[in-house]
Amino acid sequence: MTDYSQIPSPCYVLEENKLIHNLELINSVQKRAGVTIILALKGFAMFSTFPIVRKYLKGTTSSSLFEARLAREEFGGELHLYCPIYQENEFPDLIQGATHISFNSLRQWEQFKEKTLSTQISPGLRINPEYSPVEQDIYNPSSPLSRLGIRAEVLGDKLPEGIEGLHCHNLCESNSQALARTLEQIETLFGHYLPQIKWLNLGGGHLMTAKSYDIEHLIQVLTSFKTRYPHLDIYLEPGSAVAWETGVLRATVFDLIETSGPTIAILDVSFTAHMPDCLEMPYKPRIRGARDPQEEEPTYRMGGLTCLAGDFMGMGDYYFETPLQIGDTIVFEDMIHYTMVKTSMFNGIKHPAIGILSSDGSFKLVREFDYEDYKSRLS
Ligand SMILES: Cc1ncc(COP(=O)(O)O)c(C=O)c1O
């Protein structure tokens, strides 16, 4: 049991041993399947953990100049780039230290071809496999009108001169069956290019650290693909899987509002500012010690501290064994991936602190935020 009295509220608390557990599993997959797995910074960029992550993963993938700079400064190793657009003024800085770069359109490749070919960076194209298991439009990059990736019919018989790789990202919290289906689709639509290239990047969305994920099937799918294309370096670039279930967001109950329905607990955290995927996806996060209420049971609704009317958990209420009191700790589970990288200081509210619960049980406060952090983003 974690002693939350030593941890400030609110605070994102990464649990070191859980991160190491995920990394060991991911490392065993890359070794057994003969592929390379790199970290997608868009999902998890808590760089105070990079000395640990680096022991297992040999690189990162970035989708913007700032991510690329962070990758160079704090991670090192292979640096893959994929941005929906590259911009002339940023390009020279962006590509510093990069090893691979994927272009989202033939036009962008034409524009940056010479500059890329004058470096050692290996260029590729992002393709749209026109298949995705993802039902939420906001997380489906392969819908018919997607702006992400080139459709097969747009590419000619041969890849443009100089292109060495293909990049495909179409999964989100997906299983190994979805990857198998993706590979089939790639072979059907883009198979004739595979002998011409050196690497294939299968993007993120492989939730291999989830308990329900079939690791053996994943390894079988990847090894059988590799048998057919032994010359290809295969990359996977998950974000979520690295930080999946590695920590929590610790919060506190500050007020309890009685209504004709559930009692509303107002917390010192915000769904829109600190747990945005809860509203975007949307999904109902698990709370430690709480469960879905059964009929007639007293229920609590979790509310945020901004003035946004919709800043509450609208996907369902909670039942707590012990009635909530002002000052109680609320622990939102699995709040490390796609949180810190997406948060805002909307409404001028304080950003949760960031800390690490070390393997020996001690708590290390890594970062706190103050008024200057808020002010420095405005003018
Ligand atoms: C191009 C690309 N690569 C990798 C990822 C990481 O995906 P995930 O965090 O779901 O593994 C994403 C997520 O959006 C992405 O767009």
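Residues numbered from 1 in each chain as written. Predicted model: local features only at pLDDT ≥ 70, side-chain atom pairs only at ≥ 80, totals over all residues. Heavy atoms only, no water.

### With respect to the pairing of strand E10 (residues 233–236)
Logical step 1: In the sheet, strand E2 (residues 36–37) pairs with E10 via two bridges, with the strands oriented parallel. Within E10, the residue paired with Ile 37 across the bridge is Leu 236.
Logical step 2: The parallel pair strand E9 (residues 199–201) and E10 is bridged by helix H7 (residues 215–228), and the resulting crossover is right-handed. (Pairing = 2+ DSSP bridges. Helix = DSSP H or I, 4+ residues; strand = E, 2+ residues; numbered from the N terminus. Right-handed = clockwise from strand over helix to strand, strands pointing away.)

### Some points on the packing of helix H1 (residues 16–33) against H7
Logical step 1: Between H1 and H7, the shortest axis-to-axis distance is 9 Å and the interhelical angle comes to 30°. Put simply, H1 runs roughly parallel to H7. At the point where H1 passes H7, the crossing takes the right-handed sense. Between H1 and H7, the contacting residues are Leu 25, Val 29, Arg 32 and Ala 33 on the first element and Ile 215, Glu 216, Leu 218, Ile 219, Leu 222, Thr 223 and Lys 226 on the second.
Logical step 2: When the residues that make up the contact of H1 with H7 are grouped by side-chain class, the tally is seven nonpolar, one polar and three charged. (Axes fitted to C-alpha atoms, helices over the stretch in contact; angles between N-to-C directions. Parallel < 35°, antiparallel > 145°, perpendicular 65-115°, else oblique. Left-handed = near helix turned anticlockwise from the far one by under 90°. Contact = heavy atoms within 4.5 Å. Nonpolar A, V, L, I, M, F, W, Y, C, P; charged D, E, K, R; others polar.)

### Brief notes about the pairing of strand E5 (residues 78–82)
Logical step 1: Where burial is concerned, most of E5 is hidden: five out of the five residues are buried.
Logical step 2: Every second residue of E5 is oriented toward a common face, with Glu 78, His 80 and Tyr 82 on one face and Leu 79 and Leu 81 on the other, all of them buried.
Logical step 3: Of the strand pairs in this sheet, strand E4 (residues 59–62) and E5 are connected by four bridges, and their pairing is parallel. From the neighbouring strand, Gly 59 faces E5, where its bridge partner is Glu 78.
Logical step 4: A crossover links E4 with its parallel partner E5, the connecting element being helix H3 (residues 65–75), and its sense is right-handed.
Logical step 5: With three bridges connecting them, E5 and strand E6 (residues 100–103) associate as parallel partners. Each bridged residue has a counterpart across the sheet, and for His 80 the counterpart in E6 is His 100. (Buried < 20%, exposed > 50% of the residue type's maximum accessible area, 1.4 Å probe, protein only.)

### Points about the site of the ligand
Logical step 1: Inspection of the region around the ligand gives 13 residues, with Gly 205, Glu 237, Gly 239, Ser 240 and Tyr 338 positioned closest.
Logical step 2: At 2.6 Å from a nitrogen atom of the ligand is found a side-chain nitrogen or oxygen belonging to Glu 237.
Logical step 3: When the ligand is considered free in solution it has 390 Å² of accessible area, and contact with the protein chains removes 87% of it.
Logical step 4: Partitioned by chemical class, the residues of the shell around the ligand number four nonpolar, six polar and three charged. (Near = heavy atom within 4 Å. Polar contact = N/O pair within 3.5 Å; in protein donor to acceptor, adjacent residues only side chain to side chain. Areas by Shrake-Rupley, 256 points an atom, 1.4 Å probe, with all protein chains shown as cover.)

### What to know about helix H6 (residues 176–190)
Logical step 1: Its 15 residues place the ends of H6 20 Å apart at the C-alpha level, agreeing with the 21 Å of an ideal helix rising 1.5 Å per residue.
Logical step 2: Listed in full, the buried residues belonging to H6 are Ser 176, Ala 178, Leu 179, Ala 180, Thr 182, Leu 183, Gln 185, Ile 186 and Phe 190.
Logical step 3: Sitting at the head of H6, Asn 175 places a side-chain oxygen 3.2 Å from the backbone nitrogen of Gln 177. (Expected span 1.5 Å × (residues − 1).)

### Side note on the environment of Glu 187
Logical step 1: Residue position: Glu 187 is located in helix H6.
Logical step 2: Judged by its relative accessible area of 22%, Glu 187 falls in the partly exposed class.
Logical step 3: Taking the C-alpha atoms as reference, Glu 187 lies 9.7 Å from Phe 225; in sequence the two are 38 residues apart.

### Brief notes about the sheet that holds E4
Logical step 1: Pairing in this open sheet of nine strands is parallel, and the strands run E2-E10-E9-E8-E7-E6-E5-E4-E3 from one edge to the other. Two strands lie at the open edges of the sheet, namely E2 and strand E3 (39–40), each paired on one side alone.
Logical step 2: Inspection of the sheet shows E6 paired to strand E7 (residues 122–126) by four bridges, in the parallel sense. Within the sheet, the bridge partner assigned to Phe 103 lies in E7 and is Leu 125.
Logical step 3: Each of E3, E4 and E5 is contacted by H3, which is oriented at about 165° to E4, the strand it contacts most.

### Let's talk about the pattern of salt bridges
Where charged atoms of side chains with opposite charge meet at close range, the side chains can pair.
Logical step 1: One pass over the full model with this rule turns up 18 salt bridges.
Logical step 2: Here Glu 15 and Lys 18 are joined by a salt bridge, their closest N and O atoms 3.1 Å apart.
Logical step 3: The closest approach of N and O atoms between Glu 153 and Arg 151, which form a salt bridge, is 3.1 Å.
Logical step 4: Taking relative accessible area as the criterion, Glu 153 reaches 66% and is therefore assigned exposed.
Logical step 5: What emerges from the salt-bridge pattern is a single network uniting Lys 211, Glu 245 and Arg 286. (Salt bridge = Lys/Arg side-chain N within 4 Å of Asp/Glu carboxyl O.)

### Quick notes on the domain arrangement of the chain
Logical step 1: For the chain, the assigned domains are domain 1 (4–12 + 247–335 + 343–375) and domain 2 (34–243).
Logical step 2: Domain 1 and domain 2 are separated by 34 Å when their C-alpha centres are compared.
Logical step 3: Each side of the interface is counted separately: domain 1 has eight residues, and domain 2 has seven residues.
Logical step 4: Summing both partners gives a buried area of about 600 Å² for domain 1 against domain 2, and 63% of it is carried by carbon and sulfur. (Domains from an automatic or database assignment. Buried area = accessible area lost by both parts, 1.4 Å probe.)

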